[in-house]
Amino acid sequence: MVQKYQSPVRVYKHPFELIMAAYERRFPTCPLIPMFVASDTVNEYKSEDEAIHVIERRCKLDIDAPRLLKKIAGVDYVYFVQKNSLNRRERTLHIEAYNETFSNRVIINEHCCYTVHPDNEDWTCFEQSASLDIKSFFGFESTVEKIAMKQYTSNIKKGKEIIEYYLKQLEEEGITFVPRWTPPVACKLESSTSHARRPVSPAINIPDSATKEGLNNKEILNTSSSPSEPTAGTPDDKLDADYIKRYLGDLTPMQESCLIRLRQWLQETHKGKIPKDEHILRFLRARDFNIDKAREILCQSLTWRKQHQVDYILDTWNPPQVLQDYYAGGWHHHDKDGRPLYVLRLGQMDTKGLVRALGEEALLRYVLSINEEGLRRCEENTKVFGRPISSWTCLVDLEGLNMRHLWRPGVKALLRIIEVVEANYPETLGRLLILRAPRVFPVLWTLVSPFIDDNTRKKFLIYAGNDYQGPGGLLDYIDKEIIPDFLGGECMCEVPEGGLVPKSLYRTAEELENEDIKLWTETIYQSASVFKGAPHEVLIQIVDASSVITWDFDVCKGDIVFNIFHSKRAPQPPKKDSLGAHSITSPGGNNVQLIDKVWQLGRDYSMVESPLICKEGESVQGSHVTRWPGFYILQWKFHSMPACATTSLPRVDDVLASLQVSSHKCKVMYYTEVIGSEDFRGSMTSLESSHSGFSQLSAATTSSSQSHSSSMISRWRFC
């Protein structure tokens, strides 16, 4: 497996020229890097105006490896070739390095670059990337990989220290300024006479000696021109090391690399705004910085957020009055670490009454809104306290907990809520303080604990009776001034006291079922299930020719084929497929079939668009300009997914396809609209900008086509 590393942008608050003077002092050897024994210059080239300086060195390294491994390998030292390309005119230094020793068994490539900060020309940015691919190594591939990664990580940490060490050395010698390169007088005169016809970076005359020394013309020309490699950017598009430390915390070099690589993958995959860095980092931490595992659960979560419009829940959803009156929980200041503090008086809450009055979906949505508010408060506290705060503390008071709280539907709702929160808000709970746990608590804990992640369980602190008032209790985590009054503190807590929900507010099972569906589909989108042999079809009647049928749908599960048909006569009344026939229950999904089996394509109806194969996870928007009045049928049909070609980096649809549960069921969420051709452009703009609930996570790869019938389809991949 190829190991990769990508650094954040490290900023030196010194001019480029001074940094270069410090960098050159690392050669021919550096006492701060014991493994760097020596280096010899192999090739060197300088342009006539001294703007370009290319030097190639052969570096000798003493790798810290077991003596037995060195003996088996038959070497005492490892040699690398490093090529430095300095462009004083552009103020850039590009460094390329690769291993010479064991190059047929191990492939190591590194690229580093020093550039001027885009916002401050007196600062210098540094980036580096590397890859390690061990083909074979006498059966010690795993050992060599661990040694290489350990050595490389150690050197990364020292990189900035080394530059700062030589900067201090220069300062002690009285060197605090190095003038910028300026063209020779002859070049200046030539530039003034031919400025209008010369490029910004003039061509360089290459002496024959340069080619003889081993540098070909192409290499030198590439060095002298503007670099094709990406240079340092702002924190908006690249992660700055200082930004990471300030807003994300202390990460190891490899953890920084994991964050940057997963972030880059999302940038290449998504068309719109990517998740916040804190959000990406939580999923990496939840999977011990395993990029593949983190990518998988992050894709699942982003799809879930998109389908249920969780990003808009704080702005668009108002909790029912019953929740505001009887849900005994709320935010209450912060703990000693600056984490937002949420207080939940679970023992005073009538879980049975809330479930009977609202149903599971309303409770779940309320908990989601609490978590979204928690994320917002973490961002605020990060700014207020000047340090990264990515999680919150939850204080749960169990005073009053009894067998009433073990009501089966209530426990079921609690388990479902835990499952959803664990999957979509990992690493958000910093600490859970459970106070005044009664004797019935072990029973509840036995039911709930298997659904809680091991890392999360380690954050639980449980106190029975009044133990929280003693040493190691509440005062260790919360300032005395903000301990709630109901726990013996002096701070008035505005959390509702809960109490029994009046039975007059209870809802019938039918009402709750309908309410559940509305809670998840209170958008312009509809949900449909597609089965093998049972497509879902939507009928649209067109009175005026040249009308425009628009659609916007997401393939939430499985792969489908999208078709558009036209018929002069109306089909039979819709036939709903029985979900039970497929042994699948799907609340909120439906399946309608309109095309009768006796109908023949070409006689009773015709295809007006070429079939479009849509894979799981894709979002499709498009339109069709109708030619004739009559009846148009939009059809989503089951499609078997072909085997995907092996690639080094999984695509989004590959990741999502691996998560598919049923191979004979697909699910789509769709929206259709018929508009006049004169209103087409404005309506589509509206559809894409505000009506569409899926615009946030559209991916980077966009394809559009216009068919013979003046149609247009746009497709975006997303997680």
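Residues numbered from 1 in each chain as written. Predicted model: local features only at pLDDT ≥ 70, side-chain atom pairs only at ≥ 80, totals over all residues. Heavy atoms only, no water.

The protein carries the name SEC14-like protein 1 in an unreviewed UniProt entry, which gives Aquila chrysaetos chrysaetos as its organism.

(A) The sheet that holds strand β10 (residues 340-344), seen in detail. Taken together, the five strands give an open sheet; going across it, the order is β9-β10-β11-β12-β13, and neighbouring strands pair in mixed fashion. The open sheet has two edge strands with one neighbour each: β9 (329-334) and β13 (460-464). Between one strand and the next, the sheet's axes are offset by a mean angle of 20 degrees, whatever the strand orientation. Pairing of β10 with strand β11 (residues 392-397), which is carried by four bridges, proceeds in the parallel orientation. Within the sheet, the bridge partner assigned to Leu344 lies in β11 and is Val396. (Pairing = 2+ DSSP bridges. Helix = DSSP H or I, 4+ residues; strand = E, 2+ residues; numbered from the N terminus. Axes fitted to C-alpha atoms, helices over the stretch in contact; angles between N-to-C directions.)

(B) View of the packing of helix α7 (residues 241-248) against helix α9 (residues 277-286). Look at α7 against α9: their axes get within 11 Å of each other, and the N-to-C directions meet at 75 degrees. One way to sum up the angle between α7 and α9 is to call them roughly perpendicular. For the pair α7 and α9, contact is made by Tyr243, Tyr247 and Leu248 and by Asp277, Glu278, Leu281 and Arg285, respectively. Looking at side-chain class alone, the contact of α7 with α9 contains four nonpolar, no polar and three charged residues. (Parallel < 35°, antiparallel > 145°, perpendicular 65-115°, else oblique. Contact = heavy atoms within 4.5 Å. Nonpolar A, V, L, I, M, F, W, Y, C, P; charged D, E, K, R; others polar.)

(C) Up close: the side chain of His94. Tracing the backbone through its elements, the reader meets His94 in strand β6 (residues 92-99). At 3.3 Å, the side chain of His94 and the side chain of His111 are in polar contact. (Polar contact = N/O pair within 3.5 Å; in protein donor to acceptor, adjacent residues only side chain to side chain.)

(D) Structural detail: the packing of aromatic side chains. One pass over the full model with this rule turns up 22 aromatic pairs. Judged by centre distance (6.0 Å) and plane angle (90 degrees), the rings of Trp331 and Trp392 are edge-to-face. Taken as a pair, Trp331 in strand β9 and Trp392 in strand β11 lie far apart in primary sequence, 61 residues in all. Between the aromatic rings of Phe565 and Tyr605, the centroid separation amounts to 5.2 Å while the plane-to-plane angle is 80 degrees, which identifies the pairing as edge-to-face. With Phe565 in strand β17 (residues 559-567) and Tyr605 in the loop between β19 (592-593) and β20 (606-607), this residue pair connects regions lying 40 residues apart in the sequence. The class for Phe565 is buried, based on a relative accessible area of 4%. Exposure remark for Tyr605: the relative accessible area of 13% places this residue in the buried category. Counting every residue linked through ring pairs, the aromatic cluster contains Tyr23, Phe27, Phe36, Tyr114 and Phe126. Just above the ring of Tyr247 sits the side chain of Arg246; from NZ or CZ to the centre is 4.5 Å. Seen from the ring of Phe486, Arg345 lies directly overhead, with NZ or CZ sitting 3.9 Å from the centre. (Phe/Tyr/Trp six-rings, centres within 6.5 Å; stacked < 30°, edge-to-face > 60°. Buried < 20%, exposed > 50% of the residue type's maximum accessible area, 1.4 Å probe, protein only. Lys NZ or Arg CZ within 6 Å of the ring centre and 35° of its normal.)

(E) Seen up close, the packing of helix α8 (residues 253-269) against α9. Their axes nearest at 10 Å, the elements α8 and α9 cross at an angle of 115 degrees. For α8 against α9, the interelement crossing comes out right-handed. Of the residues in α9, those touching α8 at Cys258, Leu259, Leu262, Arg263 and Leu266 are Asp277, Ile280, Leu281 and Leu284. Taken together, the residues of the contact of α8 with α9 break down into seven nonpolar, no polar and two charged. (Left-handed = near helix turned anticlockwise from the far one by under 90°.)

(F) A look at the pairing of β11. With six of six residues buried, β11 is to be regarded as a mostly interior element. Relative to strand β12 (residues 429-437), β11 runs parallel, the two being bridged by six bridges. Residue Cys394 lies in a different strand from β12, and its bridge partner there is Leu432.

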